[in-house]
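Structural features, examined
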Amino acid sequence: MNMSVKFPLNSKSNYLTPEQVEEFGRRVEEIRREVMDNLGEADAKYIYKIRNFVRYSEIASRGMLMFGGWIPPVWLVGTGLLGISKIVENMELGHNVMHGQFDWLNDPSLNGANYDWDTIATGDDWKHTHNYVHHTYTNIVGKDHDVGYGLLRVSEQQKWEPRFLLNVPMAMQLMVFFEWYVGAQNLHLEDALVYKTKSWKEVWKDSAKLRKKVVRQVGKDYVFFPLIAGPNAIPVFLGNAVANVIRSLWSSAVIFNGHFTEDAETFEEDNTETETRAQWYLRQIRGSSNFSGTQGLHILSGNLSHQIEHHLFPDMPANRYSEVAPKIRALCEEYGVNYNEANFMKQFWSVWVRLAKCSLPNGYSDQVSNTIQKVKNLFSFAK
């Protein structure tokens, strides 16, 4: 088959003939069409309910911090609620609206082209790096910048460099400052810092929109709200800072679980110009991973717990992913395509196993696997 990307040979998915791939893609498209032709009032009510939660939870949490932030229990509740509010705004509202999932409502405030979320990344930069680059070239090494963010080695197809020995600690600090890394992602800072293929003058020029957004976000959370809090300025400042870190830790964990698990495949570029829609569908499934959980977990993850379905149907309202997931899973079982799904902690563990393996040059992964197995056996014995 003249595939447009080179698929790994050691995949858990069966080989499909060209005819099988196209039939598989046709049936995926049928599942998509069935939902997209029946969007309506229930979907509208859902997104408005999410938006109302974001609005009212932010008002409540900021009120607690502003008027009672000096009381430890109030500070804890207010900071936690603000963190949750920011998570839902980022994941279930902003991310999905900016994918154009609710453009059909003709509501300017929920239009993907207009919406700009409450985070450091500008809407325009994010829609380029994420909506276009990542969703078009998903997991193709050298094309999809989300494969390691220029910081991590998450595939043996990436050339090993000594800096990747710090893969695991770098991933940890990436999680803490995830908001900032996503904001700066479109600048490709590794080209200036590591490879010297980009000048700092070019970085400064390219960062014009980002700098304006940084001023707005920093001014809002760390200047405006602390100032109007008067004597509660310090609790408000700290509450905002902690809430932003809570959001970064959670959103990065969700993204890692959707893309960096051991069974999430990466691909080598061949000729993406000849890739058919069916081949693209197949690549999205093989390069993504889901995690199971409660309805609350799905909402907090922006329904990226259904990462497979999101990559198949990025413009489908995310509240419908739970409806189509069983159909996609059954279709994958029928064709022998690996449907990568497990509970949250199992997927999260496999992310760190992968990061540890990829921190070393190719050929050393077996040693890492043996060490990890010994640690697991030790914990099992301790129990």
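Below is a short write-up of the structure. (Residues numbered from 1 in each chain as written. Predicted model: local features only at pLDDT ≥ 70, side-chain atom pairs only at ≥ 80, totals over all residues. Heavy atoms only, no water.)

Moving on to the pattern of salt bridges. All chains considered together, the criterion is met by 29 salt bridges. For Lys86, the salt bridge goes to Asp221, with nearest N and O atoms at 3.0 Å. Of this pair, Lys86 sits in helix α3 (residues 72–97) while Asp221 sits in helix α9 (residues 208–228), placing them 135 residues apart in sequence. Take Lys86 and Asp221: they sit in the same class, and that class is buried. Arg247 is the partner of Asp118 in a salt bridge, and the nearest nitrogen-oxygen pair spans 3.8 Å. With Asp118 in the loop between α3 and α4 (123–136) and Arg247 in helix α10 (residues 233–259), the pair connects residues that are 129 residues apart, well separated along the chain. The two residues Asp118 and Arg247 agree in class, both being buried. Several salt bridges share partner residues, and in doing so they unite Glu58, Arg62, Lys86, Asp118, Glu179, Lys220, Asp221 and Arg247 into one network. (Salt bridge = Lys/Arg side-chain N within 4 Å of Asp/Glu carboxyl O. Helix = DSSP H or I, 4+ residues; strand = E, 2+ residues; numbered from the N terminus. Buried < 20%, exposed > 50% of the residue type's maximum accessible area, 1.4 Å probe, protein only.)

Next up on the list: a nonpolar patch on the surface. Together, Val176, Phe177, Trp180, Tyr181, Val245 and Leu249 make up an exposed nonpolar region whose accessible area comes to about 480 Å². When contributions to the nonpolar patch are tallied by element, the ones reaching two or more residues are α6 (178–184) and α10. Examined against the element boundaries, Leu249 turns out to sit in helix α10. (Patch = residues over 30% accessible without salt bridge, like charges linked within 9 Å, V, L, I, M, F, W, Y side chains within 5 Å. Areas by Shrake-Rupley, 256 points an atom, 1.4 Å probe, with all protein chains shown as cover.)

Note on placement: Thr129 falls in helix α4. From its side chain, Thr129 meets the backbone oxygen of Trp126 in a polar contact 3.4 Å long. When residues no more than four places from it in sequence are discounted, the contact partners of Thr129 are His134, Gln185 and Asn186. (Polar contact = N/O pair within 3.5 Å; in protein donor to acceptor, adjacent residues only side chain to side chain. Contact = heavy atoms within 4.5 Å.)

With that settled, the discussion passes to unusual backbone geometry. Across residues other than glycine, the phi torsion is negative in most instances, and most of the peptide bonds are trans. Its identity as a non-glycine residue notwithstanding, Tyr149 has a phi of 55°, on the positive side. Within the secondary structure layout, Tyr149 lies in the loop between α4 and α5 (167–176). When its relative accessible area of 13% is taken as the criterion, Tyr149 is described as buried. For Asn303, which is not a glycine, the phi torsion comes out positive at approximately 60°. Here Asn303 lies in the loop between α12 (295–300) and α13 (307–312).

Treat this as a map of the structure, not an account of what it does.
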